[in-house]
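Letter by letter, the chains look like this.
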Amino acid sequence: MKITEKQLSLVNERLKAILSSDNYFAKIYKELGITEIKTPEDFRKLPFIDKAELRNAYPLGIQAAPDEEIVRIHSSSGTTGKPVIIPYTAKDVDDWATMFARCYETAGIGKRDRIQITPGYGLWTAGIGFQAGCEKLGAMAIPMGPGNTEKQLQMMQDLKSTVICATSSYALLLAEEINKRGLRDKLLLKKGVIGSERWSDKKREYIANELGIELYDIYGLTEIYGPGIGINCSLQTGMHYWDDYIYVEIIDPETGENVEDGEEGEIVITTLVKEGAPLLRFRTHDLSRIIPGDCPCGRSYPRLDVIKGRSDDMFKVHGVNMFPSQVEELLGTVDGVSSEYKIDIAHDDEINRDIILLTVEAEGRVNFEKTGETIKNAFKSKMSVTPKVVVVSLGTLPRSEKKTKRVFDHREE
Ligand code: ZN
């Protein structure tokens, strides 16, 4: 997507605010002699920001507004090292709620809906984002937070929830539970708003069919407000994102160059109006593409395709690069296998080789041994690597309320 004049002038305003705040990035830009963004060429001279840099600025080094204007912080959970702290002004909080309300509207959710919110509340941006957007929209929030499935199902029936907000893993767990208890006819659920992460078509179909609902992928990340910066419309042709708040680039993760619209690459986001912690050219490591052309729904907001995976989720065994999404696609073709799986990679010193162990779940009606053989052969022919496959009963692998970690590399331990 080419950057527009309007977006350029907003970036320039953000740059001015950063420079005058003398924050962590001000020092970097001053060193590089960056003082103004007037042209697309100026914009492309801005260095990328990586999450590691946000950690360097811990705790409040990226704050670009005066202390008296900061009303809240959120934090992204780092798997390693220090967390990242993102400060928000009152306007940032309000802008985020406005974007989120726009997401609900785009999904056809309105004031009369009752929205059951299962993502967590606290330092994490999820729960409170879903809630603020719901209140801005004027719908009724049912702020459950994660876990306690018993109570979730009770409230879902008693309060007649029409919308469920969850991670795909938790939505799957709820769908399985509702199926098991035969509760579907007692529910009024119509829509599910699912935090966007890479999830298989198989899982999507299962959840949609079991619950009899339409599913919407909501996109976002803590560094850029939180969830709510984009969502798909009912035509399901990709996620519309709010280009009056953010500018999206797709880059080749290796070279850092912009790719053409329609080509796959890494999403890089620039915040256009954020005050507390403006970020220019933040590398998300999420892989997707811009969908060229207009959506038949008539909305002029541009579209991102579903997230294909993360550039840093790639794992390498015997010199072959693999993505979890490839494993998911492969499992989607095998009869009786669920969408949950786990991969362990270790090094066997004895034979001096890397060993890849794939654990998958299968329904009781299929032969586990044969299923394991089928998966092993499919894996070998598609990825040129032969895994050891363990087949376990459905429901054995953990379902989590947050994004599920599926690949465990034990080689460096
Ligand atoms: Zn649309």
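Refer to the structure printed above.
In this text, all values refer to a predicted model and were calculated from it rather than measured experimentally.

(A) Examining the overall build of the chain more closely. Looking only at helices and strands, one finds 11 helices and 20 strands in the chain. For the chain, whose C-alpha radius of gyration is 22 Å, the value lies close to the compact-globule estimate of 22 Å for 413 residues. Its C-alpha atoms give the chain principal-axis dimensions of about 65 × 60 × 40 Å. When burial is assessed residue by residue, the chain has 52% of its 413 residues classed as buried. Restricting the contact set of the chain to residue pairs at least 6 apart, pairs at least 24 apart contribute 65%. The average position of the 54 basic charges and that of the 64 acidic charges among the side chains of the chain differ by 3 Å.

(B) Up close: the layout of surface pockets. Computed from the structure, the second largest pocket encloses a volume of approximately 340 Å³. Looking at the lining of the second largest pocket, the elements that each hand over two or more residues are helix H3 (40–45) and strand S10 (246–251). Across the lining of the second largest pocket, the residue classes tally to nine nonpolar, one polar and six charged.

(C) Fine view of the coordination of the zinc ion. On the protein side, the zinc ion has Cys 233 (SG), His 240 (NE2), Cys 295 (SG) and Cys 297 (SG) as donor atoms, found 2.1 to 2.3 Å from it. One way to put it: the four donor atoms around the zinc ion meet at angles of 101 to 116°, and that makes the site tetrahedral. Going along the chain, you hit the donors of the zinc ion in the pattern C-x6-H-x54-C-x1-C. Taken as a pair, His 240 in strand S9 (residues 239–241) and Cys 295 in the loop between strand S12 (282–291) and strand S13 (303–304) lie far apart in primary sequence, 55 residues in all.

(D) Local environment of a nonpolar patch on the surface. On the surface, a nonpolar cluster with roughly 250 Å² of combined accessible area is contributed by Leu 60, Ile 73 and Leu 123. Mapped onto the secondary structure, Ile 73 falls in strand S1 (residues 70–76).

(E) Just the sheet that holds strand S17 (residues 337–348), in detail. On the basis of which strands lie adjacent, the open sheet formed by four strands has the order S19-S18-S17-S20 and mixed pairing. Two strands close off the open sheet at either side, each with one partner strand: strand S19 (388–393) and strand S20 (407–409). Strand-to-strand, the axes of this sheet are offset by a mean angle of 15°, without reference to chain direction. In terms of strand pairing, S17 meets S20 through three bridges, oriented parallel. Residue pairing in the sheet places Asp 344 in a bridge with Phe 408 of S20. Here helix H10 (residues 324–331) sits on the sheet and contacts S17, strand S18 (353–362) and S20; the angle it forms with S17, its principal contact strand, is near 130°.

(F) Quick look at the nonpolar core. One finds Tyr 29 and Tyr 104 to be the most contacted residues of the largest nonpolar core, which totals 67 residues. When residues of this core are assigned to their parent elements, the largest contribution, seven residues, is made by helix H5 (residues 90–106). Judged by nonpolar contacts, the second largest core, of 23 residues, contains Val 317, Val 327, Ile 343 and Phe 379.

(G) Representation of the packing of aromatic side chains. Counted by the stated rule, this structure contains seven aromatic pairs. In textbook terms, an aromatic cluster arises when at least three aromatic residues are bridged by ring pairs, as seen for Tyr 24, Phe 25 and Tyr 29. Above the face of the Tyr 88 ring, Lys 274 is positioned so that its terminal group lies 4.9 Å from the ring centre. The ring of Phe 408 has Lys 342 sitting right over it, with the charged end atom 5.5 Å from the ring centre.

(H) View of the side chain of Asp 344. Within the secondary structure layout, Asp 344 lies in strand S17. Among the polar contacts made by the side chain of Asp 344, one reaches the side chain of Lys 342 at a distance of 2.9 Å. A distance of 2.6 Å separates polar atoms of two side chains, one belonging to Asp 344 and the other to His 410. Non-local contacts of Asp 344, meaning those with residues more than four positions away in its chain, are made with Ile 355, Ile 356, Leu 357, Phe 408 and His 410.

(I) Local environment of the packing of H5 against helix H6 (residues 126–137). The contact between H5 and H6 brings their axes to 7 Å, and the two run at 75°. On the basis of the axis angle, H5 is roughly perpendicular to H6. For the pair formed by H5 and H6, the contact residues are Asp 94, Trp 96, Ala 97, Thr 98, Phe 100, Ala 101, Tyr 104 and Glu 105 on the first element and Ile 128, Gly 129, Phe 130, Ala 132, Gly 133, Cys 134, Lys 136 and Leu 137 on the second. In terms of residue class, the contact of H5 with H6 is made up of 10 nonpolar, three polar and three charged.

(J) Representation of the pattern of salt bridges in the model. Tallying each qualifying case throughout the model produces 27 salt bridges. Between Arg 44 and Glu 41 there is a salt bridge, and its shortest N-O distance comes to 3.5 Å. Within this pair, Arg 44 and its partner Glu 41 are both found in helix H3, separated by three residues, close to a single helical turn. Note that Arg 365 is salt-bridged to Asp 335, the shortest N-O span being 3.1 Å. With Arg 365 in the loop between S18 and helix H11 (368–383) and Asp 335 in the loop between H10 and S17, the pair connects residues that are 30 residues apart, well separated along the chain. Residues Arg 365 and Asp 335 agree in their burial class; the two are exposed. Connected through shared salt-bridge partners, Glu 150, Glu 177, Lys 180 and Arg 181 make up one network.

Reading the values: the criteria
The residue count restarts for each chain, going from 1 along the sequence in the order it is written. Where local features are concerned, this predicted model is filtered to residues with pLDDT of at least 70; where side-chain atom pairs are given and counted, the filter is 80 or more; whole-chain, interface and lining totals use all residues. Hydrogens are left out, water is left out, and the side-chain values use all remaining heavy atoms of the structure. Every helix listed is a DSSP run of H or I at least four residues long, and every strand listed is a run of E at least two residues long, numbered separately from the N terminus. The globule rule used here is 2.2 Å times the number of residues to the 0.38 power, and the radius of gyration it is set against is calculated over C-alpha atoms. Burial classes: relative accessible area under 20% of the type maximum marks a residue as buried, over 50% as exposed, and values in between as partly exposed (1.4 Å probe, protein chains only). Here a residue-residue contact requires only that any non-hydrogen atoms of the pair lie within 4.5 Å. Asp and Glu are treated as the negative residues and Lys and Arg as the positive ones, with His and the ends of the chain left uncounted. To locate a charge, take NZ of a lysine, CZ of an arginine, CG of an aspartate or CD of a glutamate. Here the term cavity refers to a set of points on a 1 Å grid, laid over the protein atoms alone, in which a 1.4 Å probe fits but cannot get out; the term pocket refers to an open set having protein on both sides within 12 Å along at least five of seven lines, with lining residues being those that place an atom within 4 Å of a point. Grid points are joined across faces, edges and corners, and a volume is the space filled by probe spheres set on the points. In this classification, the charged set is Asp, Glu, Lys and Arg, the nonpolar set is Ala, Val, Leu, Ile, Met, Phe, Trp, Tyr, Cys and Pro, and all remaining amino acids, among them Gly, are polar. Sites may look incomplete, because water is not among the atoms used; the donor set itself consists of N, O and S atoms within 2.8 Å of the metal (3.2 Å for Na, K and Ca). Tetrahedral means four donors with every angle between 85 and 135 degrees, whereas square planar (four donors) and octahedral (six donors) require angles over 155 degrees between opposite donors and between 65 and 115 for all others; sites fitting neither are termed irregular. Patch construction takes residues with relative accessible area above 30% that form no salt bridge. Like charges are linked within 9 Å, and nonpolar side chains (Val, Leu, Ile, Met, Phe, Trp, Tyr) are linked within 5 Å. Areas reported here follow the Shrake-Rupley algorithm with a probe of radius 1.4 Å; residue values treat only the protein chains shown as occluding. Salt bridges, as used here, are contacts in which a Lys or Arg side-chain nitrogen is within 4 Å of a carboxyl oxygen on Asp or Glu. When DSSP finds two or more bridges between two strands, those strands count as paired. Between N-to-C directions, angles cover 0 to 180 degrees, with each direction set by a line fitted to C-alpha atoms, over the stretch in contact for helices. By nonpolar core is meant a set of buried Ala, Val, Leu, Ile, Met, Phe, Trp, Tyr and Cys residues that side-chain atoms within 4.5 Å join together. Here the aromatic set is Phe, Tyr and Trp, taking the six-membered ring for Trp, and pairing holds for ring centres within 6.5 Å; pairs whose planes are under 30 degrees apart are stacked, those over 60 apart are edge-to-face, and all others are tilted. As a reminder, the over-ring test applies to NZ of lysine and CZ of arginine, requiring each to be within 6 Å of the ring centre and within 35 degrees of the ring normal. In protein, a polar contact requires one atom able to donate a hydrogen and another able to accept it; more generally it is a pair of N or O atoms within 3.5 Å, and residues adjacent in sequence count only if both atoms are side-chain atoms. Oblique is the label for any angle not covered by the other classes, which are roughly parallel (under 35 degrees), roughly antiparallel (over 145) and roughly perpendicular (65 to 115).

Shape is all these values report; function is a separate question.
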